[in-house]
Amino acid sequence: MQADLYPSRQHNAPSWQPRIDPVLYREDPHNAPLTTEQLSRFERDGFLVLPEVFSAAEVAVFKQELERMSHAPEVLESPAAIREPDSGALRSVFAIHRSNPLFARVAQDERTAGLARFLLDGDIYVHQSRLNFKPGFKGKEFYWHSDFETWHTEDGLPRMRTISCSVLLTDNHPWNGPLMLIPGSHKHYIGCVGQTPENHYEKSLRRQEFGIPDDGSLSSLVNQGGIAQATGMAGSVVLFDCNTLHGSNSNIAPSPRSNLFFVYNHIGNRPTSPFDGMPPRPDFVAERGPVEPLDIGPQQYS
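Residues numbered from 1 in each chain as written. Predicted model: local features only at pLDDT ≥ 70, side-chain atom pairs only at ≥ 80, totals over all residues. Heavy atoms only, no water.

Quick notes on the overall build of the chain
The test is simple: Strands are runs of DSSP state E lasting at least two residues, helices are runs of H or I lasting at least four, and both sets are numbered from the N terminus onward. Accessible area is worked out with a 1.4 Å probe on protein chains only. A residue is then buried under 20% of its type maximum, exposed over 50%, and partly exposed in between. Any two residues whose heavy atoms approach within 4.5 Å at even a single point are treated as in contact. Asp and Glu are treated as the negative residues and Lys and Arg as the positive ones, with His and the ends of the chain left uncounted. Charge placement uses NZ in Lys and CZ in Arg. For Asp and Glu, CG and CD serve respectively.
Counting its regular elements, the chain contains nine helices and 13 strands. Considered along the principal axes of its C-alpha atoms, the chain spans approximately 50 × 50 × 40 Å. Burial analysis of the chain (302 residues in total) assigns 57% to the buried set. Considering only intrachain contacts with a sequence separation of at least 6, the fraction spanning at least 24 residues in the chain is 87%. Of the charged side chains in the chain, 27 are positive and 36 negative; the average position of the first set lies 2 Å away from that of the second.

Observations concerning the nonpolar core
To keep things clear, this is the line we draw: Among buried residues, those of type Ala, Val, Leu, Ile, Met, Phe, Trp, Tyr and Cys that are joined through side-chain atoms within 4.5 Å constitute a nonpolar core.
Ranked by size, the top nonpolar core spans 46 residues in total, and within it F62, F103, L119, L131, L239, L260 and Y264 carry the most contacts. When residues of this core are assigned to their parent elements, the largest contribution, six residues, is made by helix α6 (residues 113-120). Non-local contacts of L119, meaning those with residues more than four positions away in its chain, are made with V23, L24, Y25, R26, L34, L39, F42, I163 and L239. F47, Y125, V238 and V291 belong to the second-largest nonpolar core, a separate cluster that totals 20 residues.

A few points about the sheet that holds strand β13 (residues 259-266)
For sheets, the rule is that strands pair by backbone hydrogen bonds, running either parallel or antiparallel. Our working definition: Two strands are said to pair when DSSP picks up at least two bridges between them. Each axis is a line fitted through C-alpha atoms, taken for helices only over the stretch in contact, and angles between the N-to-C directions span 0 to 180 degrees.
The strand order β2-β11-β7-β13-β5-β4-β3 describes an open sheet built from seven strands, whose pairing is antiparallel. Edge strands, defined here as strands with exactly one partner in the open sheet, are β2 (47-50) and β3 (81-83). Averaged over neighbouring strand pairs, the angle between their axes works out to 20 degrees when direction is ignored. Sheet topology note: the strand β7 (residues 162-168)/β13 ladder contains seven bridges and is antiparallel. Bridge pairing in β13 places L168 opposite N259. Packing against the sheet, α6 makes contact with β2, β5 (124-132), β7, β11 (237-241) and β13, and its axis sits at approximately 30 degrees to β13.

What about the pattern of salt bridges?
Quick note on the threshold: Here, a salt bridge means any Lys or Arg side-chain nitrogen found within 4 Å of an Asp or Glu carboxyl oxygen.
Applying the stated criterion to the full structure yields 12 salt bridges. A salt bridge links D21 to R159, with the nearest nitrogen and oxygen atoms 2.7 Å apart. Remark: R159 occurs in the loop between α7 (147-155) and β7 and D21 occurs in the loop between β1 (15-18) and α1 (36-45); sequence separation between them is 138 residues. With its nearest N and O atoms 3.1 Å apart, the salt bridge here joins E287 to R98. Taken together, the residues E287 in the segment after β13 and R98 in helix α4 (residues 96-99) connect sequence positions 189 residues apart. The class of E287 is buried, set by a relative accessible area of 10%. Classification of R98 by relative accessible area gives exposed; the value is 55%. One salt-bridge network, in which partners are shared between bridges, spans R9, E149 and E154.

Considerations on the environment of G156
When you line up the elements, G156 lands in the loop between α7 and β7. Each C-alpha atom, one on G156 and one on R288, is 9.7 Å from the other, the two residues being 132 residues apart in sequence.

Now the structure itself:
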């Protein structure tokens, strides 16, 4: 078994360790899809908000498909459809890069995948994808966590060479449960307390209770970096490092907060055996089979 360089859920007390992997794998700014200032900000903060990358017409196409999926029996009855823990409202639909031709094209768009390929410096594939619904009045919170802690512990991703890309399908306001991030938190790895329960994914995709940092660690990181909100107009793109601590409040406003979500992993960082010793999560949550590098290029939507 591969050495566990980022242990978590193994001890009775939380642990801190410095990140041992780069944030920017490609230092050369020439022909970069991002400016030097944007690259510096991503390395410093662990995230970046790019306003209105997709046009209003493109977003309208995506939202039309979102609406269709929210009522399609074959989608609602799929194991990849995740419901809110209390209301039963549709929360997420996973593996959209596999099941949906339109969103498969968005996953290959140079405005999403092209950015990740540059930052990770090499061929990439989609480790996870989903369509997130956060309905007005009913959308529940998601507690602070590092995605890498889960992907490393439960999926077996060895190193921090993974980037998340969120395409906003609705305007994200401070009042409708936008993504919140702790700037600079990606530079520290927090080993969490509590052994992974069997079939943890069945509950964690609705409400995560294991793999979340302790209050003391969160307080220290917030004291250092504060809390930022990834607000923006529909069509904007949010990039964030796999180890950046993030979460979101519940949405008690009338306006929904929906987004497309793609996790890009470097082809050389594919999962090994989960480091918690549990069986791997299903493929619709974490891509495990043989993968080919994404064919990335410009896309047209109508």
